[in-house]
Number of protein chains: 2
Amino acid sequence: MSEKISPVSIAVLVSGGGTNLQALIDAQKSGIIKHGKINIVISNNPEAYALKRAENAGIDTCVISGKEYKSKAEFEKRLVETLENKGVELIVLAGFMRILSGDFTSIYKDRIINVHPSLIPSFCGEGFYGLRVHEAALSYGVKVTGATVHFVNEIPDGGRIILQRAVNVRDNDTPETLQQRVMREAEWQILPEACELVSKKISMMGEGYEYI
Amino acid sequence: MSEKISPVSIAVLVSGGGTNLQALIDAQKSGIIKHGKINIVISNNPEAYALKRAENAGIDTCVISGKEYKSKAEFEKRLVETLENKGVELIVLAGFMRILSGDFTSIYKDRIINVHPSLIPSFCGEGFYGLRVHEAALSYGVKVTGATVHFVNEIPDGGRIILQRAVNVRDNDTPETLQQRVMREAEWQILPEACELVSKKISMMGEGYEYI
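Rules used throughout
Residues numbered from 1 in each chain as written. Chains lettered and ligands numbered in written order. Predicted model: local features only at pLDDT ≥ 70, side-chain atom pairs only at ≥ 80, totals over all residues. Heavy atoms only, no water. Least-squares fit on C-alpha atoms with pLDDT ≥ 70 in both. Contact = heavy atoms within 4.5 Å. 1 Å grid on protein atoms, 1.4 Å probe; cavity = no way out; pocket = protein on both sides within 12 Å on 5 of 7 lines; lining within 4 Å. Points joined across faces, edges and corners; volume = space filled by probe spheres on them. Helix = DSSP H or I, 4+ residues; strand = E, 2+ residues; numbered from the N terminus. Nonpolar A, V, L, I, M, F, W, Y, C, P; charged D, E, K, R; others polar. Buried area = accessible area lost by both parts, 1.4 Å probe. Salt bridge = Lys/Arg side-chain N within 4 Å of Asp/Glu carboxyl O. Polar contact = N/O pair within 3.5 Å; in protein donor to acceptor, adjacent residues only side chain to side chain. Disulfide = S-S within 2.5 Å. Phe/Tyr/Trp six-rings, centres within 6.5 Å; stacked < 30°, edge-to-face > 60°. Buried < 20%, exposed > 50% of the residue type's maximum accessible area, 1.4 Å probe, protein only. Lys NZ or Arg CZ within 6 Å of the ring centre and 35° of its normal.

Novice: Please set out the relation of the copies chain A and chain B residue by residue, giving values where relevant.
Specialist: With an RMSD of 0.0 Å, the operation that places chain A on chain B is a rotation of 180 degrees combined with a shift of 0.0 Å along the axis. Here the transformation between the copies is reduced to the relation of a two-fold axis. Taking the C-alpha atom as reference, chain A places Ser122 of chain A closest to the rotation axis, 2.8 Å from it. Same-surface contact between copies: 100% of interface residues of chain A are shared with the interface of chain B.

Novice: Describe empty space enclosed by the protein, naming the residues involved and giving the relevant values.
Specialist: Evaluation of the coordinates by the stated rule reveals 1 cavity of 30 Å³ or more. Estimates place the volume of the largest cavity at around 130 Å³. The wall of the largest cavity is formed by 18 residues, among which Leu119, Ile120 and Ser122 of chain A together with Leu119 and Ser122 of chain B lie closest to the centre. Elements with a contribution of two residues or more to the lining of the largest cavity: β6 (144-151) of chain A together with β6 (144-151) of chain B. Across the lining of the largest cavity, the residue classes tally to 12 nonpolar, 6 polar and no charged.

Novice: Please set out the interface of chain A and chain B residue by residue, giving values where relevant.
Specialist: Residue-level contacts link 16 residues of chain A with 16 residues of chain B. At the boundary of chain A with chain B, total buried surface from both sides reaches about 1300 Å², with 64% on carbon and sulfur atoms. When the area that chain A buries against chain B is broken down by residue, the three leading residues are Pro121, Tyr140 and Lys143 of chain A, summing to 35%. Where chain A meets chain B, there are 0 salt bridges. Applying the counting rule to chain A against chain B returns 5 residue pairs in polar contact (both at pLDDT 80 or more).

Novice: A description of the state of the cysteines should follow, citing residues and the corresponding values.
Specialist: Scanning the entire structure with this criterion turns up 0 disulfides over all chains. In this structure Cys124 of chain A is not part of a disulfide, and its nearest cysteine sulfur, from Cys124 of chain B, lies 13 Å away. Take Cys62 of chain B: it sits in no disulfide, and the sulfur closest to it among the cysteines is that of Cys195 of chain B, at 19 Å.

Novice: Tell me about the packing of aromatic side chains, and please be specific about residues and values.
Specialist: A full pass over the atoms with the stated rule returns 6 aromatic pairs over all chains. Taking 6.0 Å as the distance between ring centres and 70 degrees as the angle between the ring planes, the aromatic pair formed by Phe123 of chain A and Tyr140 of chain A counts as edge-to-face. Residue Phe123 of chain A is located in the loop between β5 (112-116) and α5 (131-140), and its partner Tyr140 of chain A is located in helix α5; the two are separated by 17 residues in the primary sequence. A residue is classified by how much of its surface remains accessible, and Phe123 of chain A, at 11% relative accessible area, is buried. With centroids separated by 6.3 Å and ring planes inclined at 75 degrees, the aromatic side chains of Tyr69 of chain B and Phe75 of chain B adopt a geometry described as edge-to-face. We classify Tyr69 of chain B as partly exposed; its relative accessible area is 22%. Sitting above the plane of the Phe75 of chain B ring, Arg98 of chain B keeps its charged end 4.1 Å from the centroid.

Shown next, in the form of structure tokens:
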């Protein structure tokens, strides 16, 4: 099967500082991501610095704030419209702080990926986000942690694993130092790699794409 | 504080082939383990090939078969007698297939270590032993697994972690190939390292030893 010429249209969903978005932008520039192209960055938070990063890179941005919608269903309807307008084929959650409904994730089966800062199935699921993940890992006393990129389904952190990378815990680590190292050594590496991996599959399989 | 001259007396408890025991014997020969000395290998299974490995290395052996005792308490009483006769200060479980009671583990607090073929807290606890651990890891779809050396307390695989090492899962891994690689790349490395680490602490702290 021959590859499509146009790269897979990617939306990155963000809520905050956007360091994972930056890793994706850098990976696109350096050619690590070549089968996909970030066409839009969507934030639920108008203050997110990630929006600035997108603008600096010349990528379209859009704010869809949950507060402005009566229900999650209304919010997600607006999200779907925006994604369809941009012909989005792959959604990357990069520090996006809202949980998407099963209705939404089933529309985009095998088309939404997320990065989680632990080696799933350790320290994941409801309540495990941000610094809390690293606090839990240190409190448990693990000597190895890491990050996971996985597909998103209706179960928090429950979708199929795409890539994982291990990071050693140091004796003097705090949740903050561990978070930083997991980002640098794992998240910022495997999120772009997974993005390229899935983009490539989509571009080769076209409409009939189903991740195997 | 000066170190004691005599090495810490180690007992290795086995049930089967004894490849982890072999790693310990080799590490003792090569000087990786220098603060401890394997003084006895105890098997609950008279047929264990581990006994032969011990004999080949000139280490005393002892069979304490559960079947010959009316109760777990009787079995463990005999075990304690044997350990005391040898002045054992550190117990290493190397594929020992019996669960020790809380009574036993509390006598030897911070003095029993075990190796488990996953990155705890993933794929551990009751029912997770041997090939089942790797079957569970592959079935879950993790891309990184590994091994853990931990202290043994009354909770299966619940004691404090001493060392962990990550091992990458390959796309074509079977439970058997993964088990072999986890042994070779992780278990046979970190079990001797942890054994030396704990032996050193015991030898430096003496009677008042408590693992910090």
